[in-house]
Each structure stands twice: as structure tokens, then as C-alpha cells.
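Descriptive analysis of the structure
So you can see what is in the structure, the chains are spelled out below.
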Amino acid sequence: QWADTPEDLKQAFTLVHDEYLKLGYIREPDPSGMFFGIHNLLPETVTLAVKSDGNVVATLTQVADSSRYGLPMDRIYSRELDRLRNKDRKLAELCSLVTSKKLRWKNLYMQMSRIMYTHALCNGVDDFCIMVNPKHVPFYKLIFLFEELGSEKHYPTLGVPAVALRADLNRMKARLDDKYGDLDRECNLFH
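What counts and how
Residues numbered from 1 in each chain as written. Predicted model: local features only at pLDDT ≥ 70, side-chain atom pairs only at ≥ 80, totals over all residues. Heavy atoms only, no water. Pairing = 2+ DSSP bridges. Helix = DSSP H or I, 4+ residues; strand = E, 2+ residues; numbered from the N terminus. Axes fitted to C-alpha atoms, helices over the stretch in contact; angles between N-to-C directions. Contact = heavy atoms within 4.5 Å. Buried < 20%, exposed > 50% of the residue type's maximum accessible area, 1.4 Å probe, protein only. Salt bridge = Lys/Arg side-chain N within 4 Å of Asp/Glu carboxyl O. Patch = residues over 30% accessible without salt bridge, like charges linked within 9 Å, V, L, I, M, F, W, Y side chains within 5 Å. Areas by Shrake-Rupley, 256 points an atom, 1.4 Å probe, with all protein chains shown as cover. Phe/Tyr/Trp six-rings, centres within 6.5 Å; stacked < 30°, edge-to-face > 60°.

This part is about the sheet that holds strand E4 (residues 127–132). If you trace the six strands from one edge of the open sheet to the other, you get E1-E2-E3-E4-E6-E5, paired in mixed fashion. Strands with a single pairing partner mark the edges of an open sheet, and in this sheet they are strand E1 (46–52) and strand E5 (147–155). On average, each strand axis in the sheet is tilted by 20° relative to the strand beside it, whichever way the strands run. Bridge analysis of E5 against strand E6 (residues 160–168) gives six bridges, and the strand direction is antiparallel. Residue pairing in the sheet places His154 in a bridge with Pro161 of E6. Sitting on the sheet, helix H1 (residues 6–23) touches E1, strand E2 (55–64) and strand E3 (91–99), and the angle it makes with E2 is about 95°.

Okay, here's the thing in C-alpha cells:
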């Protein structure tokens, strides 16, 4: 479901904070116990919250590009993003993809990705853009069919290296069908 209540957003931001802290992406806990930024508070930003027993156990955020705020990854990849914008492409950034450790291998990534993909298409998005830790690049390229957008840089917000990737949503349907068309629905991004 969409995190559209203060409680859902608080739980989602808390989950991101706690998991980032465990992974070493955040060195010191924030006094609020949450991890979020200005982009999370914009009306065009949507956060997906997967719940179990009333608690958020997985989350993914889609930030719509705006002329005033841009995207979170503009902080280090503005030149790369501007090349896409200059081609009149509508961008959205996917960020804060977190699943609680106990559910990490339950294919929630696939289900959340389907929802975000559909939401993006309904809003005319041309490209998904993401920043990921370099060790996760092969996963995003192989499973989600992302392509490299920008080389490895230091991301000061988290104090870790990042690589910029993009997925051209205008070509995605054909690419997903080619890769996943014959697989079972549970692990099939095309369906």
C-alpha cells in the first residue's frame, strides 16, 4: 500500500534508518530514528510500504523530478541527469529500497518493482534513475535491466560509494518480456 499516513511514513523512514545503520550506510543514528530528506516530503513523491501484522517490513520510494528540487541523486550526478533532461525525458528516482532482514528473500523486490513501474507509466515517466552501492550494480543490471548512467562517485549523504544507473521505461516492456516472459509469475517482472 502507499504510505499515505504519518504513521506509515514514520515506520517506513524508521525501517530505512535502522537497516542503513546495520549496513553501515549511516555511521551514527539520527536522533529522530528516521532517515528521510526534503524529497520525501514533496507531494509528487510516493512511498510504498509493505506491511506484516500492521508493521512496515519493506519500503521503496519514487521521487518525481522537479525543476525546483531535482532528484536526490542530483547532488553528485546532476550532469548525467541533465543529459537526459535535455532530451526532454521525464525522470523519477527510485530510492530507499529496504526490506527487513527476516523477509529479504521473499521476492518483495519483484512485487514492489511491478507497482512502481506501473505507477511510473501512469505518470508518463521515461526513465527510472537510481544510485546503488557498486557491489549491487550486477544485481540491478541482471534482474532489473538497468544500464549504467554514471561512474562510481562518493555519496556524501551516506558516506559510501555509489554508481548511477537508469532504466529506459519506453523500452522496458519488450526487454522484460524477452528476459522474463516464460518464467513463473512469482519471479516474473514482465507480468
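Still more ground to cover, so stick around.
Let's shift gears to the environment of Phe35. Residue position: Phe35 is located in the loop between H1 and E1. Classification of Phe35 as partly exposed rests on a relative accessible area of 22%. If we skip the residues at most four places from it in the chain, Phe35 touches Phe13, Val16, His17, Tyr20, Ile26, Thr157 and Leu158.

It is worth spelling out the pattern of salt bridges at this point. Following the criterion strictly, the structure yields 13 salt bridges and no others. With a closest N to O distance of 2.8 Å, Asp127 and Arg166 form a salt bridge. Of the two residues, Asp127 is situated in strand E4 and Arg166 in strand E6; the sequence distance between them amounts to 39 residues. Per residue, the accessibility class of Asp127 equals that of Arg166, and both read buried. The residue Glu148 makes a salt bridge to Lys141 at a minimum N-O spacing of 3.5 Å. By relative accessible area, Glu148 is classed as partly exposed at 49%. Overall, Lys141 belongs to the partly exposed group, its relative accessible area being 34%. Each member of the salt-bridge network shares a partner with another, and the members are Arg89, Asp127, Glu147, Arg166, Asp168 and Arg171.

The grouping of Phe36, Ile38, Leu41 and Tyr69 at the surface amounts to a nonpolar patch, some 380 Å² of accessible area in total. With respect to the secondary-structure elements, Phe36 resides in the loop between H1 and E1.

Each aromatic ring pair is characterised by the separation of its centres together with the angle its planes make. As enumerated under the stated definition, the model contains seven aromatic pairs in all. When the centroid spacing of 4.9 Å and the interplanar angle of 20° are considered together, the rings of Phe13 and Phe36 count as stacked. With a gap of 23 residues between them, Phe13 in helix H1 and Phe36 in the loop between H1 and E1 connect regions that are remote in the sequence. We classify Phe13 as buried; its relative accessible area is 6%. Phe36 sits in the partly exposed class, given a relative accessible area of 38%. Residues Phe139 and Phe144 carry aromatic rings whose centres are separated by 5.5 Å and whose planes lie at 75° to one another, so their mutual orientation is edge-to-face. Through a chain of ring-to-ring contacts, three or more aromatic side chains come together here, namely Phe139, Tyr140, Phe144 and Phe146.

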